[in-house]
Amino acid sequence: EPEVTQTPSHQVTQMGQEVILRCVPISNHLYFYWYRQILGQKVEFLVSFYNNEISEKSEIFDDQFSVERPDGSNFTLKIRSTKLEDSAMYFCASRASGGAIGELFFGEGSRLTVL
Amino acid sequence: SQQGEEDPQALSIQEGENATMNCSYKTSINNLQWYRQNSGRGLVHLILIRSNEREKHSGRLRVTLDTSKKSSSLLITASRAADTASYFCATGGVQGAQKLVFGQGTRLTINP
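What comes next concerns the included structure. For every chain, the first residue of its written sequence is number 1, and the numbers climb from 1 along that sequence. Chains and ligands are labelled by the order in which they are written, letters from A for the one and numbers from 1 for the other. Local features in a predicted model are, by the rule used here, given only for residues with pLDDT of at least 70; side-chain atom pairs are given and counted only at 80 or more, and totals for whole chains, interfaces and linings are based on all residues. Based on all heavy atoms of the structure, the side-chain values leave hydrogens and waters out of the count.

**With respect to the overall build of chain A**
Note the cut-off: Strands are runs of DSSP state E lasting at least two residues, helices are runs of H or I lasting at least four, and both sets are numbered from the N terminus onward. The globule rule is 2.2 Å times the number of residues to the power 0.38, and the radius of gyration it is compared with is taken over C-alpha atoms. Per-residue accessibility, obtained with a 1.4 Å probe over protein chains only, is compared with the maximum for each type, and a residue is labelled buried under 20%, exposed over 50%, and partly exposed between these values. Residue contacts are defined here by distance: any two heavy atoms, one from each residue, within 4.5 Å place the two residues in contact. For accessible areas, the Shrake-Rupley method is used with a probe of radius 1.4 Å. Any residue's cover is judged against the shown protein chains and nothing else.
A count of helices and strands for chain A gives zero helices and eleven strands. Overall, chain A shows an N-to-C arrangement of helices and strands of β-β-β-β-β-β-β-β-β-β-β. Here chain A has a C-alpha radius of gyration of 13 Å; the compact-globule value for 115 residues is 13 Å, and the two agree. C-alpha atoms of chain A, sized along the principal axes, occupy 40 × 30 × 30 Å. Looking at chain A residue by residue over its 115 residues, the buried ones come to 45%. Contacts spanning at least 24 positions in sequence make up 53% of the contacts within chain A whose residues lie at least 6 apart. Just so you have it, chain A exposes about 5,700 Å², and 46% of that area is on carbon and sulfur atoms.

Here it is in structure tokens:
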């Protein structure tokens, strides 16, 4: 069964360092997302990506964040200068079709710990 | 404003009992979805109910939607220990947006 894969599963970094989280969405999907979940809290929307551009972003997704789809398969989230409060689980998700939003397929997440 | 607030935040029941979780939201929606998350894992889609539907079933799951009250409920019948997880509702298509907005979740514990 097709699945969304994310790497790394866990990354520990020092405050101020750059981090890149990688995702391989399901191959025929068209919409891509990043969400984050601070431990024990709600799942928060960061950004959606369609047709090689950001379609929507939240207030969390400030200038320190960027996304890229460098080739036909990978979808990356970069945090330029990490802060302690960036520590969270980051989930990539994708969905197949346009129109009204349907089911999202999530990866297992990348846990980011900023020290 | 918050969308998708679940109630209760935590629920603990005995195996075999039914579990009911509720979700409220504030704005108009295209659909409402329920997801499950095992501890430390990704979210798994359970069921989607459209704004013009009132009830939907999938196996041991029953979802209702009341758009006049802006609320939904998820019922898990004949619960099993393996149902222990967090359950999130998510609203889709709010004001035409192409994203899901998740609630705080209900932590469900099924005691054997």
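From this point, things continue past the structure.
**Quick word on the sheet that holds strand β6 (residues 55–58) of chain B**
Residue and element names in this part refer to chain B. Let me state the cut-off plainly: Strands qualify as paired when DSSP identifies two bridges or more between them. Fitted lines through C-alpha atoms give the axes, limited to the stretch in contact for helices. The angle between two N-to-C directions lies from 0 to 180 degrees.
Taking strand neighbours across the sheet as the criterion, the five strands line up as β1-β3-β8-β7-β6 in an open arrangement whose pairing is antiparallel. Because the sheet does not close on itself, it has two edges, and the strands there are β1 (5–7) and β6. Strand-to-strand, the axes of this sheet are offset by a mean angle of 20°, without reference to chain direction. Across four bridges, the pairing between β6 and strand β7 (residues 61–66) is antiparallel.

**Notes on unusual backbone geometry**
It is generally the case that most residues other than glycine have a negative phi and that most peptide bonds are trans. A cis amide bond links Thr7(A) to the next residue, Pro8(A), at an omega of -10°. With respect to the helices, strands and loops of the structure, Pro8(A) is situated in the loop between β1 (5–7) and β2 (10–13). Looking along the chain, the bond that leaves Asp7(B) and enters Pro8(B) is cis, with omega of 0°. With respect to the helices and strands, Pro8(B) occurs in the loop between β1 and β2 (10–14). Its identity is not glycine, yet Asn52(A) carries a phi of approximately 65°, on the positive side. By the secondary structure assignment, Asn52(A) is in the loop between β5 (43–50) and β6 (53–57). According to the relative accessible area criterion, Asn52(A) is exposed, its value standing at 58%. The phi dihedral of Ala78(B) falls on the positive side, at around 45°, and the residue is not glycine. With respect to the helices, strands and loops of the structure, Ala78(B) is situated in the loop between β8 (71–76) and β9 (85–92).

**Some thoughts on the sheet that holds β1(A)**
All names here are of chain A. The four strands lie next to each other as β1-β3-β8-β7, forming an open sheet whose pairing is antiparallel. Sheet topology places β1 and β7 (65–68) at the edges, where each strand pairs with a single neighbour. Neighbouring strand axes in the sheet, compared pairwise and without regard to direction, differ in orientation by 15° on average. In this structure, strand β3 (residues 19–24) lies alongside strand β8 (residues 75–79), joined through five bridges in antiparallel fashion. The residue of β8 that forms the bridge with Val 19 is Ile 79.

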